[in-house]
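Structure assessment
One-letter residues, chain by chain:
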Amino acid sequence: MSLPLEGRSAIVTGAGRGLGRAEALELARLGAAVVVNDFGQPGRDGSGDASATPAEEVAAGIRAAGGRAVAHTGDVADHQQARELVELAVAEFGQLDILVNNAGILRDRMVFSMSEDEWDSVIRVHLKGHFNTTHFAAAHWRARSKAADAPVYGRIVNTSSEAFLAGSAGQPNYAAAKGGIVGLTTSTALALAKYGVTANVICPRARTRMTADVFAGFQEPAGDGSEDRLDPLAPEHVAPLVGYLASPAAAHVNGQLLVVHGGMVAVVERPRVAAKFDTKQDAFTYDELDALLTPHYADRPAGETFAAAEVLGLKHE
């Protein structure tokens with residue numbers, strides 16, 4: 001019996017550790033040949049010297065298990081290096097079928113304390129990094145589709161965050177980047193559908209190097225052998241959804257946002273219009289808006305905003 005991704009090739013960025021590593025291993029387990037990308041800087045803020053070791057170790061592990069994998073140690077936020085990443089997948093495996101964007105860094109600060117560099121660096125790695133790889137993958141699929149005069153197989157899985165959905169006061173750069181990734185994904189989903197490509201976005205929650213302090217108070221399962229269960233915050237809870245979205249089974253899943261963690265997947269509905277007001281004149285005046293909007297908001301719960309903080313309460317039942 002064939003595996004769901006047998007004969008397919010994939011790129012996973014930020015795959016040397018944490019979520020990306022778990023996703024690369026899952027895609028390989030499902031039969032895909034994988035380009036394991038990781039710039040390899042040790043600091044979660046993007047600090048430290050780049051290293052080939054994380055990507056190479058994951059690729060070697062896939063090969064040792066009987067799979068096909070090659071390492072790429074470039075910076076996806078660099079346009080040319082992102083081009084080389086896609087070219088490597090095509091050169092090694094004949095074509096690219098799946099792109100999983102996961103690479104990222106954190107430089108947390110309140111908005112009134114954040115420096116320009118702290119803003120720019122996070123936007124660069126997350127949002128520009130997602131764009132760069134998407135751009136070259138999309139061009140590859142479009143060219144193949146035009147040559148074949150038919151749709152091709154293409155899957156994009158992007159990584160956003162609950163920080164965007166719920167609003168994270170100490171992460172304006174990260175929340176903005178992750179919100180931008182959602183916009184990039186929905187635009188890409190519409191643009192590439194005619195070529196046979198789907199693009200979806202996940203908001204994962206996992207215990208990784210980037211979130212070590214965030215989840216420091218969440219106890220891991222006892223390691224005394226009395227309980228043989230997975231840490232509810234293990235990246236391995238996220239990887240199967242990525243494998244599914246990358247598979248032929250998800251052909252009709254496109255432009256969607258899903259929250260995933262701890263044995264739970266939640267499909268997030270798109271925003272709905274809560275109220276609509278029409279002027280009774282040629283154009284609104286201040287007084288008319290005051291008469292309409294002030295009562296509308298007067299009885300709303302204090303602190304309620306467009307942010308969907310309730311997603312933080314989602315859990316496996």
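The coordinates are above.
Procedures and definitions
Residues numbered from 1 in each chain as written. Predicted model: local features only at pLDDT ≥ 70, side-chain atom pairs only at ≥ 80, totals over all residues. Heavy atoms only, no water. Helix = DSSP H or I, 4+ residues; strand = E, 2+ residues; numbered from the N terminus. Rg over C-alpha atoms; globule rule 2.2 N^0.38 Å. Buried < 20%, exposed > 50% of the residue type's maximum accessible area, 1.4 Å probe, protein only. Contact = heavy atoms within 4.5 Å. Areas by Shrake-Rupley, 256 points an atom, 1.4 Å probe, with all protein chains shown as cover. Pairing = 2+ DSSP bridges. Phe/Tyr/Trp six-rings, centres within 6.5 Å; stacked < 30°, edge-to-face > 60°. Lys NZ or Arg CZ within 6 Å of the ring centre and 35° of its normal. Core = buried A, V, L, I, M, F, W, Y, C linked by side-chain atoms within 4.5 Å. Salt bridge = Lys/Arg side-chain N within 4 Å of Asp/Glu carboxyl O. Patch = residues over 30% accessible without salt bridge, like charges linked within 9 Å, V, L, I, M, F, W, Y side chains within 5 Å. Right-handed = clockwise from strand over helix to strand, strands pointing away. Expected span 1.5 Å × (residues − 1). Bend = angle between axes of the 7 residues up to and from the residue.

This brings us to the overall build of the protein chain. Within the protein chain one finds eight helices and eight strands. Computed over C-alpha atoms, the radius of gyration of the protein chain comes to 21 Å, within 12% of the 20 Å expected from 2.2 N^0.38 for 317 residues, which places it in the range of a compact globule. The principal-axis extents of the C-alpha atoms in the protein chain amount to approximately 70 × 60 × 40 Å. For the protein chain, the residues scored as buried account for 45% of the 317 residues in total. Long-range pairs, those at least 24 residues apart, make up 69% of the contacts in the protein chain with a sequence separation of at least 6. Only carbon and sulfur atoms are counted for the fraction: they give 54% of the accessible area of the protein chain, which is about 16,100 Å².

Moving on, we get to the pairing of strand S7 (residues 257–261). Counting buried residues along S7, five of its five residues qualify, which places the element largely inside the surrounding structure. Neither face of S7 is exposed, since Leu257, Val259 and His261 on one face and Leu258 and Val260 on the opposite face are all buried. In terms of strand pairing, strand S6 (residues 197–204) meets S7 through four bridges, oriented parallel. When the bridges of S7 are listed, Ile202 appears paired with Leu258. Relative to strand S8 (residues 264–268), S7 runs antiparallel, the two sharing five bridges. By the bridge assignment for S8, Val260 is matched with Val265. Following S7, the chain reverses through two residues before pairing antiparallel with S8; Gly262 in that reversal takes a positive phi of roughly 50°.

Moving on to the packing of aromatic side chains. Under the counting rule described, the total for this entry stands at zero aromatic pairs. Seen from the ring of Tyr153, Arg8 lies directly overhead, with NZ or CZ sitting 3.7 Å from the centre. Looking at Arg155, its charged tip hangs above the ring of Tyr153, at a distance of 4.2 Å from the centre.

Soluble globular proteins tend to pack their nonpolar side chains together in the buried interior. Leu27 and Val36 are the most contacted members of the largest nonpolar core, which totals 32 residues. Secondary structure elements with two or more residues in this core: strand S1 (9–12), helix H1 (18–29), strand S2 (33–37), helix H2 (53–64), strand S4 (98–100), helix H7 (239–245) and S7. The residues contacting Val36, other than those within four sequence positions of it, are Val12, Ala15, Ala24, Ala55, Val58, Ala59, Ile62, Val70, Ala71 and His72.

This brings us to the pattern of salt bridges. For the structure shown, the criterion picks out ten salt bridges. In this structure, Arg272 engages Glu269 in a salt bridge whose closest nitrogen and oxygen atoms are separated by 2.8 Å. Judged on exposure class, the residue Arg272 and its partner Glu269 are both exposed. Measuring nitrogen to oxygen at the nearest pair gives 2.7 Å for the salt bridge that ties Glu304 to Arg300. Note on Glu304: relative accessible area 42%, which makes it partly exposed. Arg300 gets classed as partly exposed once you look at its relative accessible area, which sits at 34%.

There is a patch of nonpolar side chains on the surface, built from Phe284, Leu289, Leu293 and Tyr297 and spanning about 350 Å² of accessible area. By secondary structure assignment, the location of Leu293 is in helix H8 (residues 286–298).

Time to look at the pairing of S1. Sheet faces and side chains relate simply in a regular strand, where the side chains alternate between the two faces. Here S1 shows two buried faces, one formed by Ser9 and Ile11 and the other by Ala10 and Val12. Here four bridges tie S1 to S2, and the two strands are oriented parallel to one another. The partner of Val12 across the bridge, within S2, is Val36. Following the backbone out of S1, through H1 and into the adjacent parallel S2, one traces a crossover that is right-handed. Sheet analysis places S1 next to S4, joined by three bridges and oriented parallel. Across the sheet, residue Ile11 finds its bridge partner in S4, namely Leu99.

Before going further, it helps to examine helix H4 (residues 116–148). Between its first and last C-alpha atoms H4 spans 46 Å; for 33 residues at 1.5 Å apiece the expected length is 48 Å, and the two agree. The axis of H4 is deflected most strongly, by about 35°, at Arg124. Phi turns positive one or two residues past the end of H4, at Asp149, with a value near 55°.

What follows deals with the side chain of His140. On the secondary structure map, His140 appears in helix H4. Of the residues examined, His140 reaches a relative accessible area of 15% and is grouped as buried. Apart from the residues lying within four places of it in its own chain, the contact partners of His140 are Val90, Gln95 and Leu96.

Before going further, it helps to spend a moment on unusual backbone geometry. Phi at Asp149 takes a positive value of approximately 55°, unusual for a residue other than glycine. Examined against the element boundaries, Asp149 turns out to sit in the loop between H4 and strand S5 (154–159). Look at Asp149 and you get exposed, because its relative accessible area is 72%.

These results come straight from atomic positions and should not be treated as a statement about function.
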